[in-house]
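What the coordinates show
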Number of protein chains: 4
Amino acid sequence: MDLGMTDRVRPLVEQVRAMIADDIEPLDHEFHALVGTHPSGDRFQHVPRQLEILDGLKAKARERGLWNFWLTDSEKGQGLTTVEYAYLAEEMGKVRLAAEVFNCSAPDTGNMEVFERYGTAAHKERWLKPLLAGEIRSAYVMTEPDVASSDAAQLAFEAREDGDAYVLNGEKWWISGAGDPRCKVYILLAETDPDADKHKRHSMFVLPADAEGIEILRPMQVFNHDDAPHGHMHLRFTEVRVPKEDLVLGRGRGFEVAQGRLGPGRIHHCMRAIGQAEKALEMMCKRGLAREAFGKPIAQLGANYDIIANARMEIEMARLLCLKAAWMMDTSSPKEAAPWISQIKVVAPLMAQKVLDEAMQLHGAQGISQDTDLAAMYTHNRTLRFADGPDAVHRRQVARAELRKHTNMRL
Amino acid sequence: MDLGMTDRVRPLVEQVRAMIADDIEPLDHEFHALVGTHPSGDRFQHVPRQLEILDGLKAKARERGLWNFWLTDSEKGQGLTTVEYAYLAEEMGKVRLAAEVFNCSAPDTGNMEVFERYGTAAHKERWLKPLLAGEIRSAYVMTEPDVASSDAAQLAFEAREDGDAYVLNGEKWWISGAGDPRCKVYILLAETDPDADKHKRHSMFVLPADAEGIEILRPMQVFNHDDAPHGHMHLRFTEVRVPKEDLVLGRGRGFEVAQGRLGPGRIHHCMRAIGQAEKALEMMCKRGLAREAFGKPIAQLGANYDIIANARMEIEMARLLCLKAAWMMDTSSPKEAAPWISQIKVVAPLMAQKVLDEAMQLHGAQGISQDTDLAAMYTHNRTLRFADGPDAVHRRQVARAELRKHTNMRL
Amino acid sequence: MDLGMTDRVRPLVEQVRAMIADDIEPLDHEFHALVGTHPSGDRFQHVPRQLEILDGLKAKARERGLWNFWLTDSEKGQGLTTVEYAYLAEEMGKVRLAAEVFNCSAPDTGNMEVFERYGTAAHKERWLKPLLAGEIRSAYVMTEPDVASSDAAQLAFEAREDGDAYVLNGEKWWISGAGDPRCKVYILLAETDPDADKHKRHSMFVLPADAEGIEILRPMQVFNHDDAPHGHMHLRFTEVRVPKEDLVLGRGRGFEVAQGRLGPGRIHHCMRAIGQAEKALEMMCKRGLAREAFGKPIAQLGANYDIIANARMEIEMARLLCLKAAWMMDTSSPKEAAPWISQIKVVAPLMAQKVLDEAMQLHGAQGISQDTDLAAMYTHNRTLRFADGPDAVHRRQVARAELRKHTNMRL
Amino acid sequence: MDLGMTDRVRPLVEQVRAMIADDIEPLDHEFHALVGTHPSGDRFQHVPRQLEILDGLKAKARERGLWNFWLTDSEKGQGLTTVEYAYLAEEMGKVRLAAEVFNCSAPDTGNMEVFERYGTAAHKERWLKPLLAGEIRSAYVMTEPDVASSDAAQLAFEAREDGDAYVLNGEKWWISGAGDPRCKVYILLAETDPDADKHKRHSMFVLPADAEGIEILRPMQVFNHDDAPHGHMHLRFTEVRVPKEDLVLGRGRGFEVAQGRLGPGRIHHCMRAIGQAEKALEMMCKRGLAREAFGKPIAQLGANYDIIANARMEIEMARLLCLKAAWMMDTSSPKEAAPWISQIKVVAPLMAQKVLDEAMQLHGAQGISQDTDLAAMYTHNRTLRFADGPDAVHRRQVARAELRKHTNMRL
């Protein structure tokens, strides 16, 4: 169980770290400061300088071969293991633009996996190719308003068969990335067979983001912020037609696709959350040494040694658990890996939330202001405790896996 | 030690509760949805409908005698005790506009106390009168950038004597309410005597918000939000002249004024925080009963019973501690009451933070969106752990008070 | 809601405190050091000096009128309220022998309440009188091995009707005080009507501790300690006959009696737990000031200020909640008071456990040794999280009470 | 960084596990039930059956080659790495007698390391040989009463030079294993040079346990229990002569020896603590499935799923951190490994304490009784938070290591 940085990945980590420090971080604040400055007043339009920043960085990354690391065990990517990728993703978690610059950002990575594994040749040509090239972006359209998404039986967005097509009707929300004008394609879960068994009712579809009948109702706000231009959109679909060939894998197999997609997505979020916590700890230490009160660096006041030590220990443990979950994904079946993914899915965001909160506190009011990235990291991280299953659902999975070691009882 | 609702305050609580439910809450969302819609693009300008809402509600409250409750033990107000006020302030914590509607909002209440206790006749006529009438608003200008504000010795904003005036130079930030065009007066702490004893260096000044030489540099953001039109402004003062008669209480007595001002302010924030936690628990219960998953109301799933029970217990305890601190303020000296205020200052915001976080989690992603008030309450409440002294400083005060029971040692 | 110390109880508190400090504490260690020194080798026999200590102290307390405080709202006792009693019970929690010395110790107080409320004239004469006089002790015999006692339906100890008597068969355990040779009477719950409704199946009986057919199987150990000579005994009953007149209140009304008995018992434990926490905090402070390391009193090292401050705040909050629950018992119906008792039943032992754990830690290894009372307090307090309903059951009660405010649904 | 079970250690783990289950566990309770049954009344004397049990098991283990695993990187032992040993030690943590049976128990392992690394040929022949053979036991004599042992400057037990010997005078306490009649040798730290630099004042000595002038004052109790026949003894030394050749490594080098000894000792305790937590979780699951209340297995009630899931996650994280610390010990310098050992020294006992507490709670009162091992594990584990440095000292080390990454300032 080698959880260390391999010789293969070490130089990549160093290059990624260097490019983040030298190239990306200096432009990150400029990019975000430009949000909302489009003359149209539309916060979801980029101004040219934003695209220049993004495209310039992406071109640089691609040239340097720092690209598509997430494609583990694949010929298309770098052939890294999930464990190796973890070290890279952690670095990318530290600066907001980084994951996209290396073409490793959600929800594209998950969507590309769907195309690669289950897509038709046409899908691969039309969507996967430009996604792999970082030319377009995508969205994953699953969550529905006013239902408990973790209970599949409640997802009732309708796909009605009609001739050679399915016709979609209903609302979806929290569709991340759907605000971005570069988002060109949706992968969407809809109910095709309401009377089938609970996990056979849904199917997965591919459709262009500009299909007729799709309306953006509003951006969902995360702690009062619209996360423009990425956005987490609330969408309405009215009689949107999707040709039958754009149903993925087969009718009634929507959950199969979703499950395959979610495992890696979940752990990637965790890897980046660990990077954020690591950065917060670094900021805490630097601030604790630089700022003085009552004649001492504040690191030496009150419980701050304990706070720093606890942060260090909690980060190390979460990182190791993340690496172990990654190793399980690399070496065992999805079924065996699942409770490990659930474990880290609970642990990492909670740990990062705690470390970020302490870091904010140690920074004083500046810690929640625009003068540091802590608040932005905090609110982003807070969404992870809902995304891809809330904590409660994952704890339940872990408990059931544990109890099943001792019983055959149905739990 | 009567901590209960008195016969005198009970009908007031009922009227306040009713007016919040019937009059204020229905307009609260409309008011906040209008933020940022001023044609000038200036988020710190009200549109007419906002002022209509505010003024209408304030007129109604004033007419009904639901006004200036905070003026405890005073002939000008209702003559309530701090314990009695606690029950009212808790209700006002539940809806964002409420405290202002009843003319009980920070920082005005603290500033009015300063004018009432220490102001000259001219101050009372020019500033206290319209503040008591709810016609203008005010700001308290103390915190400075890049220093540990809890260490008085570091506050170095300069007030230089010059003839019959003092001349102010320097920067201040997190000046809450200074974004509001209705904010007409500042109470400001500046260093007049840098060589004096640590607690004799500063003096308190009164000056009009539109004095020449004051520049708003930017709004400080709280979790990416500018809290417009109230705002927490970063200000620069350049050669701002304040006539000597507008120095409050006496040169070198700035900290004395500040201490007198801060006690009530701190506990008022706590009272409202308890109201927010109470509202969050109510929302948690309602959501837990209304939303189903896996065939059951989610209140009955997982650890939700425990989460609800813990929230109930933690709220009750914080409320009782708040009432006890209020009772100490009513019945003992400021010195004796101080550690109790420190206790509740640590306890209430942390408790509310926890309950709000659980409430958000139980609401799913909706809990952090604009569809509930939870995120707004959360970010507002999070500022309280810095405001008027960070947790660490208040814990230190509590510990020293405790240890002093057993030693004469200097701590 | 007056939660303060009344003028009536204040002098009692002072006398109790003084007597504990001057008379009881000095003998407490001597008493406990004598445990296990009986020549017979029987740890549940007192040596004469132990009885001399106990009887001497009890006589002194009785003479001074410091006796039977727990008999709230009663002509037999001091006529105190539960709130007033809370202040006395807290003091008694601080030293192990104290509650018995003032004739206020469990399980006698609860049993005396049963006799007073539900007992026959004969019961009162034979058992209540000597109990009130502190001449004998008693046990409450409810818990059964290998079942979840919180689920009444599982209590299956048999009481079979047989002529003019009931015949008891079965095992009971954790029967506190049954090890003490002075324990003369049992109040016992048994199943008389297994086919009746869940809460009508059981009846309550009174019987002498030396009734034929009762066998002490073993003392249950609490963290490896038998708590001799009090003891928590495991008993076997074989064909033990109880005359019908010793059935309390009426056949099938056992739970009614038990519920009436448990409310006060639960809160008395909490009051004493708060006293233990208060004592632990005092010990922590004194140790923190007296012991030095690295050139400073250890109170000033690391997070100790925060630990002390947190202990102070948590004790205050638990005390206030306890007083509020007591006030509910004094002023409202048992049904209304019940969720408040559940709240404090969860809060107080957990709080005391935490404070005691921190106090042990601050004492170093001495803190878990025989050189302080901390470990004994810790293990005793740990039993409270099971006794009279485990935390989980009480949290459930609190949650259901909360949810019932918003629904008529059966929970 | 291979943290997994190697092919070399896997069969050993399986054999150890099997021998614990088949041979040791069945006798463990018998052994402990015999404590205190020696006809002399001396709880620190074994009855013959106890020695028969111990010697029989040890012989069996030695024959099977399941012996001295702890001797990592050594020709005398199995040549295992610390990582490999961790898997074995975890198993040994689950049953009280196990570590001794495999000759891997504290304090012998640390003492053997001292003899092996620093001992003279005579020491090796006289003490190391029988220790390696499991024929005698030993004690490590460092901690002194009434001082903060973590502050070396306070250790003042005197070693006075006198001709060809040193003469020892003073008291030591918490000398684990010194109660066992088989304990034949002490390794003892004493102050030889009170005026030297803080870390050069002490020297390490070897002496027979039966040297003239050593008196056992009393066993220190751990939560009211004397841990007989092992014992944690309070000793008095009066003019005890130690020949100069039994000073280890060199005068003034006592701390050097102590530091070398403590690293492995600390982590071994952690490995076993993880084993205890793992066993507690297993017991929790089994009990949760077997015991029913309100018609359901209690595992499915209340927050029990969450409790089980949290236990699983916390155990996994602590185990991984322990393995990483072990790996650091195997692959880097003691200085680099030190903060990792401090990390796990804080994490593992706290985690085990929490899991054991939850396991006790889920077992009801039985969980703290003699009917399960939980209470014994709990109290043993609780000592680890003091032993070899309290949590606070290790957190401080971790924080300083962290801050040193960002400063050259003296911390």
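Nothing here was measured: the structure is a model prediction, and the numbers come from that model.

Bringing the overall build of chain A into the picture now. A tally of helices and strands in chain A yields eleven helices and ten strands. Principal-axis analysis of the C-alpha atoms places the extent of chain A at approximately 80 × 65 × 40 Å. The contacts in chain A between residues at least 6 apart in sequence include a share of 71% that link residues at least 24 apart.

Our focus in this paragraph is the domain arrangement of chain A. All names here are of chain A. Parsing chain A into structural domains produces domain 1 (9–105), domain 2 (137–252) and domain 3 (255–404). For domain 2 versus domain 3, the distance between C-alpha centres works out to 29 Å. Classifying every residue of the side of domain 2 that touches domain 3 by side-chain character gives eight nonpolar, four polar and no charged.

The next thing to look at is helix α1 (residues 9–33) of chain A. Residue and element names in this part refer to chain A. Helix length check: α1 (25 residues) gives 33 Å between terminal C-alpha atoms against 36 Å at 1.5 Å per residue, within 8%. Ile24 marks where α1 bends most, by close to 50°; the proline Pro26 follows one to four residues later. Taken as a whole, α1 has its buried residues at Val9, Leu12, Val16, Met19, Ile20, Ile24, Asp28 and Phe31. Those residues of α1 that are buried lie in contact with α2 (48–63), α3 (82–92) and α4 (98–101).

All right, on to the UniProt feature "domain: Acyl-CoA dehydrogenase/oxidase C-terminal" (unreviewed entry) in chain A then. With numbering aligned to this structure, UniProt lists the feature "domain: Acyl-CoA dehydrogenase/oxidase C-terminal" (unreviewed entry) at residues 252–401 of chain A. Here residues 252–401 of chain A runs as 77% helix and 3% strand, with 26 Å between its end C-alpha atoms.

In this section: the relation of the copies chain D and chain A. Note that the two copies of the chain are related through a rotation about an axis and a translation along the same axis. Structural alignment of chain D on chain A gives an RMSD of 0.0 Å, achieved by rotating through 180° and translating 0.0 Å along the axis. Classification of the inter-copy transformation places it as that of a two-fold axis. When C-alpha distances to the rotation axis are compared across chain D, the minimum falls at Asp2 of chain D, with a value of 2.0 Å. Same-surface contact between copies: 100% of interface residues of chain D are shared with the interface of chain A.

Here we come to the interface of chain D and chain A. Contacts between chain D and chain A engage 32 residues on the former and 32 residues on the latter. Broken down by secondary-structure element, the contributors of at least two residues to the side of chain D that touches chain A are α7 (254–290), α8 (304–331), α9 (334–362) and α11 (391–404) of chain D. It is α8 of chain D that provides the largest number of residues to the side of chain D that touches chain A, a total of twelve residues.

Our next topic: the environment of Asp373 of chain B. Looking at the secondary structure, you find Asp373 of chain B in the loop between α9 (334–362) and α10 (374–383). Exposure remark for Asp373 of chain B: the 21 C-beta atoms within 10 Å place this residue in the buried category.

This brings us to the relation of the copies chain C and chain A. Each copy of the sequence occupies a distinct position, and chain C is placed on chain A by a rotation of 180° and an axial shift of 0.0 Å, giving an RMSD of 0.0 Å. When the interface residues of chain C are mapped onto chain A, 100% of them again fall at the interface, so both copies present the same face.

On a regular strand, one side chain projects to one face of the sheet and the next to the other, so that they alternate. Residues and elements named next belong to chain B. The pairing of strand β3 (residues 165–176) with strand β7 (residues 232–243) spans nine bridges and is antiparallel. Along β7, the bridge assignment pairs Glu171 with Arg236. Pairing between strand β6 (residues 214–219) and β7: five bridges, direction antiparallel. Following the sheet pairing, Glu215 is matched in β7 by Arg236.

In this section: the environment of Asp197 of chain A. Turning to its location among the elements, Asp197 of chain A is positioned in the loop between β4 (183–191) and β5 (202–208). Sequence separation of Asp197 of chain A and Ala99 of chain A is 98 residues, and the distance between their C-alpha atoms is 38 Å.

What follows is about unusual backbone geometry. Between Ala228 of chain A and the following residue, Pro229 of chain A, the backbone shows a cis peptide bond with an omega angle of 0°. With respect to the helices and strands, Pro229 of chain A occurs in the loop between β6 (214–219) and β7 (232–243). Not every positive phi belongs to a glycine, and Asn68 of chain C is a case in point at roughly 55°. Secondary-structure assignment places Asn68 of chain C in the loop between α2 (48–63) and α3 (82–92). With phi around 70°, Leu249 of chain D is a residue other than glycine that occupies positive phi space. The topology assignment puts Leu249 of chain D in the loop between β8 (247–248) and α7. Residue classification places Leu249 of chain D among the partly exposed positions, given that 17 C-beta atoms sit within 10 Å.

On to the pairing of strand β4 (residues 183–191) of chain B. Residues and elements named next belong to chain B. Among the nine residues that make up β4, eight are buried, leaving the element largely enclosed by the rest of the structure. By the bridge criterion, five bridges tie strand β1 (residues 137–141) to β4 in an arrangement that is parallel. Counted as the bridge partner of Tyr140 is Ile187 from β4. Alignment of β4 against strand β5 (residues 202–208), held across seven bridges, turns out to be antiparallel.

Across the contact, four residues belong to chain C and four residues belong to chain A. Considered class by class, the residues forming the side of chain C that touches chain A number two nonpolar, one polar and one charged.

Now for the packing of helix α3 (residues 82–92) of chain B against helix α8 (residues 304–331) of chain B. Residues and elements named next belong to chain B. At their nearest, the axes of α3 and α8 sit 8 Å apart, and the two run at 145° to each other. Two secondary-structure elements touch here, α3 through Thr82, Val83 and Ala86 and α8 through Cys322, Leu323, Ala326, Trp327, Met329 and Asp330. Its residues assigned to classes, the contact of α3 with α8 shows seven nonpolar, one polar and one charged.

Take the confidence of the model for chain A next. All names here are of chain A. When pLDDT is averaged along chain A, the result is 94; 99% of the residues meet or exceed 70. The secondary-structure element of chain A with the lowest mean pLDDT is strand β9 (residues 292–293), recorded at 91, while β7 shows the highest, at 98. What the predictor reports for the complex is a pTM of 0.96 with an ipTM of 0.95.

A few words now on the packing of α9 of chain D against helix α10 (residues 374–384) of chain D. Residue and element names in this part refer to chain D. As a packed pair, α9 and α10 sit with axes 9 Å apart at the nearest point and diverge in direction by 160°. Taken together, the axis directions place α9 and α10 in an arrangement best described as roughly antiparallel. α10 is crossed by α9, and the crossing has left-handed handedness. Two secondary-structure elements touch here, α9 through Pro349, Ala352, Gln353, Leu356, Ala359 and Met360 and α10 through Leu374, Ala375, Met377, Tyr378, Asn381, Arg382 and Leu384. Looking at the contact of α9 with α10, its residues break down into ten nonpolar, two polar and one charged.

Cut-offs applied
Residues numbered from 1 in each chain as written. Chains lettered and ligands numbered in written order. Predicted model: local features only at pLDDT ≥ 70, side-chain atom pairs only at ≥ 80, totals over all residues. Helix = DSSP H or I, 4+ residues; strand = E, 2+ residues; numbered from the N terminus. Contact = placed C-beta atoms within 7 Å. Domains from an automatic or database assignment. Nonpolar A, V, L, I, M, F, W, Y, C, P; charged D, E, K, R; others polar. Expected span 1.5 Å × (residues − 1). Bend = angle between axes of the 7 residues up to and from the residue. Buried ≥ 20, exposed ≤ 12 C-beta atoms within 10 Å, placed from the backbone. UniProt positions renumbered as here; feature names shortened; annotations may be inferred. Least-squares fit on C-alpha atoms with pLDDT ≥ 70 in both. Pairing = 2+ DSSP bridges. Axes fitted to C-alpha atoms, helices over the stretch in contact; angles between N-to-C directions. pLDDT = per-residue confidence, 0-100. Parallel < 35°, antiparallel > 145°, perpendicular 65-115°, else oblique. Left-handed = near helix turned anticlockwise from the far one by under 90°.

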